[in-house]
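Reading the structure
Now for the letters of each chain:
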Amino acid sequence: MTDADRLTEQRRQIAEGQGFIAALDQSGGSTPKALRLYGVPEDAYSGEEEMFAEIHAMRARIMQAPDFDSRKVLGAILFERTMNGEVGGKPVPGYLWQERGVVPFLKVDKGLAEKAEGVQLMKPMPDLDALLEAAVKKRIFGTKMRSVVQEADAAGIEAVVDQQFEVARQIMAHGLVPIVEPEVDIHSQTKPEAEAILRDRIAAHLDALPGEAPVMLKLTIPSQDDLYAPFVAHPRVLRVVALSGGYSTEDACARLARNTGMIASFSRALTEGLTKQMSDAEFEAALGANIDKIYRASV
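Residues numbered from 1 in each chain as written. Predicted model: local features only at pLDDT ≥ 70, side-chain atom pairs only at ≥ 80, totals over all residues. Heavy atoms only, no water.

1. Some words on the packing of aromatic side chains
By the definition in use, this model includes four aromatic pairs. Between Arg-61 and the ring centre of Phe-283, over which it is positioned, the NZ or CZ distance is 4.1 Å. The ring of Tyr-295 is capped by Lys-72, whose NZ or CZ atom sits 5.6 Å from the centre of that ring. (Phe/Tyr/Trp six-rings, centres within 6.5 Å; stacked < 30°, edge-to-face > 60°. Lys NZ or Arg CZ within 6 Å of the ring centre and 35° of its normal.)

2. Here's the deal with unusual backbone geometry
Non-glycine residue Glu-117 carries a positive phi angle of around 55°. Looking at the element boundaries, Glu-117 is found in the loop between strand E5 (103-107) and strand E6 (119-120). Exposure remark for Glu-117: the relative accessible area of 49% places this residue in the partly exposed category. Its identity as a non-glycine residue notwithstanding, Arg-139 has a phi of 65°, on the positive side. Examined against the element boundaries, Arg-139 turns out to sit in the loop between helix H6 (128-137) and strand E7 (142-149). (Helix = DSSP H or I, 4+ residues; strand = E, 2+ residues; numbered from the N terminus. Buried < 20%, exposed > 50% of the residue type's maximum accessible area, 1.4 Å probe, protein only.)

3. Concerning the environment of Met-216
Residue position: Met-216 is located in strand E9 (residues 215-220). Sequence separation between Met-216 and Pro-178 is 38 residues; the distance between their C-alpha atoms is 6.1 Å. Among residues more than four places away in sequence, those in contact with Met-216 are Ile-14, Ile-21, Phe-105, Val-177, Pro-178, Ile-179, Val-180, Leu-238, Arg-239 and Val-241. (Contact = heavy atoms within 4.5 Å.)

Listed below in structure tokens is the structure:
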């Protein structure tokens, strides 16, 4: 399969496929918590290298599980170290696509800046072009970048969306599909108001995009059902995906099911209840149940 054919097939799968996108992109800051939930306390490893080895082993176990394939999982978002690692003797992006039929994405942001105007912008990414070039060589399909909205501050939200789309255009120039992720904090006291402002700012940017290349949107499940329905049908949006944002798996799935056309891109909800101490049979059964639950909410 040529690269052009691969990209065409991957784009079709993301745009039209039945299923969800797995988020396997915990970075340095969130890895200790993810490992604790997985039954690996901080005293079980020493230093960053051992920590990342533990989280890679967890991710590899997920990727190799029988239910983690394109029947229900359309794509997977990877941390940079995961992109550069191996699973089953193959580079991770190649393993995902060739062995599991799962489209690989890459998390490219470097974390969040300090809160200002009710939001957290992304930290600067001076090495982004080099990272994007590496992603293309690894046959990554698209990227993801996260900022956070905590309050319904119009100026802050405008700054978040401006930054997201500025970086999105940089990513699109490399032939990759950006996932724009301006998360709204589920604990915000002004969540519905913030989401209304966010919707309008995103709409303005979508309508002003140059060229024809698409973007994807990763959004907090809205307080008002189908608030983002116009984006599902927008010609410049390949897919609208939802983050779980700290909701339990049950709650996130119930909320998602009420939003037509949105599919899941869950992280913690995907791995809920999984532990290192489980036998392979127990692990695969628990993961399979989570995958099925998220899949049903997405379709």
